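As a plain string of letters, each chain reads:
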Amino acid sequence: GCMDPAAFNYNPDAKKDDGSCIPVVLGCMDDLAMNYTSLANSSDESCLFAHAVAQGIWNIDPDCEDIEIVPGQPISLNDQLPESIEVQARSGNNALFIEIDGVQVSGEIDPNGDITVPSQQIQIDPGLGPVDVDVEGQGKIESESAGYIDLTYSGSLFTFPFSTTCNIQLSK
């Protein structure tokens, strides 16, 4: 048997080392966790669950394409977004909503941290009064302190259609 007391399969009753010792590999052993370690044979209690990690206040760094209805007079969505957003749980195990400057955007997150924002209509004020826009996208919570959301905003301003994308970096 294995006679190495530091090995995963140490056998205190072994009389002869047969070379079968398996090293201890610490990690998250829950396959529903976003940091699941398939090679782990001993839990280090480090499991992170995307739905719980995603909740809270996130600082945002948006990189949005400008909306240009009148040539040379762009409207910047970067200026419309707040410095932080709040992500809260909704009923159901994977439903979330993202509060962006008082506007709630619904989404879902899977166990791997992948975020889906289904198409929905919200109101924003790009400085010309409230405008109905459709928003949709996807993103990912990559760790306890980093992630991103890519959103597409589309609609019409003064009967001029627009579509623009925002890459929003998240940090805690």
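Look up: the structure comes first, before these words.
Below or above, wherever it landed, is the structure these notes cover. The residue numbers shown here count from 1 along each chain, following its written sequence. Local features in this predicted model are restricted to residues of pLDDT 70 or higher, and side-chain atom pairs are both shown and tallied only at a pLDDT of 80 or more, whereas totals for entire chains, interfaces and linings draw on every residue. Side-chain measures here rest on the full set of heavy atoms in the structure, leaving out hydrogens and waters.

Thoughts on the side chain of Asn41
- If you trace the backbone, Asn41 turns up in the loop between β1 (26-27) and β2 (42-43).
- Relative accessibility decides the category of a residue: with a 1.4 Å probe and only protein chains considered, values under 20% of the type maximum give buried, values over 50% give exposed, and everything between is partly exposed. A relative accessible area of 18% means that Asn41 is categorised as buried.
- In protein, a polar contact requires one atom able to donate a hydrogen and another able to accept it; more generally it is a pair of N or O atoms within 3.5 Å, and residues adjacent in sequence count only if both atoms are side-chain atoms. Within the local environment of Asn41, its side chain forms a polar contact with the side chain of Ser42, the two groups lying 3.4 Å apart.
- In what follows, residue pairs with any heavy atoms lying within 4.5 Å of each other are defined as contacts. Leave out the neighbours within four places in its chain, and Asn41 touches Phe8, Ile22, Pro23, Val24, Val25 and Met29. Here a helix means four or more residues in a row that DSSP labels H or I, a strand means two or more in a row labelled E, and each is numbered from the N terminus.

As for the pattern of salt bridges
- Each reported salt bridge corresponds to a side-chain nitrogen of Lys or Arg within 4 Å of a carboxyl oxygen of Asp or Glu. Enumeration over the complete set of coordinates arrives at 1 salt bridge.
- Across the pair Lys140 and Asp114 runs a salt bridge whose closest N-O atoms are separated by 3.1 Å. Here Asp114 lies in strand β9 (residues 114-124) and Lys140 lies in strand β10 (residues 131-141), a separation of 26 residues in the sequence.
- Under the relative-accessibility criterion, Lys140 is labelled partly exposed at 23%.
- Using a relative accessible area of 30% as the deciding quantity, one classes Asp114 as partly exposed.

Considering the environment of Asp132
- Structurally, the position occupied by Asp132 is in strand β10.
- Distance in space between the C-alpha atoms of Asp132 and Ser154 is 9.0 Å, their sequence separation being 22 residues.
- Every residue in contact with Asp132, bar those within four places of it in the chain, is listed here: Gln121, Ile122, Gln123 and Gly155.
- A distance of 3.3 Å separates polar atoms of two side chains, one belonging to Asp132 and the other to Gln123.

Describing the environment of Asp31
- Within the secondary structure, Asp31 sits in the loop between β1 and β2.
- Taking C-alpha positions, Asp31 is 9.7 Å from Asn112, a pair spaced 81 residues apart along the chain.

What about the pairing of strand β7 (residues 95-100)?
- Most of β7 is tucked away: 5 of the 6 residues are buried.
- Two strands qualify as a pair provided DSSP detects at least 2 bridges between them. Strand direction decides the pairing type here: strand β6 (residues 84-89) and β7, joined by 4 bridges, are antiparallel. By the bridge assignment for β7, Glu86 is matched with Glu99.
- In terms of strand pairing, β7 meets strand β8 (residues 103-109) through 6 bridges, oriented antiparallel. In the sheet register, Ala95 faces β8, and the bridge partner there is Glu108.

A short note on the nonpolar core
- Here, nonpolar core means buried Ala, Val, Leu, Ile, Met, Phe, Trp, Tyr and Cys residues that are tied together by side-chain atoms lying within 4.5 Å of each other. Among the nonpolar cores identified, the biggest contains 36 residues, and Ile85, Ile98, Ile100, Ile141, Leu151, Tyr153 and Leu170 are the most heavily contacted of them.
- Beyond its immediate stretch of four places on either side in the chain, Leu151 contacts Ile100, Val117, Val135, Glu136, Gly137, Thr164, Thr165, Cys166 and Ile168.

Concerning empty space enclosed by the protein
- Two kinds of site are reported from a 1 Å grid over the protein atoms alone, namely cavities, where a 1.4 Å probe fits but cannot get out, and pockets, open sets with protein on both sides within 12 Å along at least five of seven lines, and residues are called lining when an atom falls within 4 Å of a point. Grid points are joined across faces, edges and corners, and a volume is the space filled by probe spheres set on the points. For the structure shown, the criterion picks out 1 cavity of 30 Å³ or more.
- If you go around the largest cavity, the residues you meet are Ala54, Ile85, Val87, Leu96, Ile98, Ile115, Ile141, Ile149 and Leu170.
- Among the elements of the structure, β6 and β7 are those that each provide at least two residues to the lining of the largest cavity.

Focus: the state of the cysteines
- Our working definition of a disulfide is a cysteine sulfur pair at a distance within 2.5 Å. A complete count under the given rule lists 3 disulfides for this structure.
- Sulfur-sulfur distance for the disulfide between Cys64 and Cys166 comes to 2.0 Å. Disulfide Cys64-Cys166: torsion about the S-S bond near 115°, hence right-handed. With Cys64 in strand β3 (residues 56-64) and Cys166 in strand β12 (residues 160-171), this residue pair connects regions lying 102 residues apart in the sequence.
- In the chain, the bonded cysteines, taken in the order they occur along the sequence, pair up as 1-2, 3-4, 5-6.

From the geometry alone we can't say anything about function, so treat these as descriptive.
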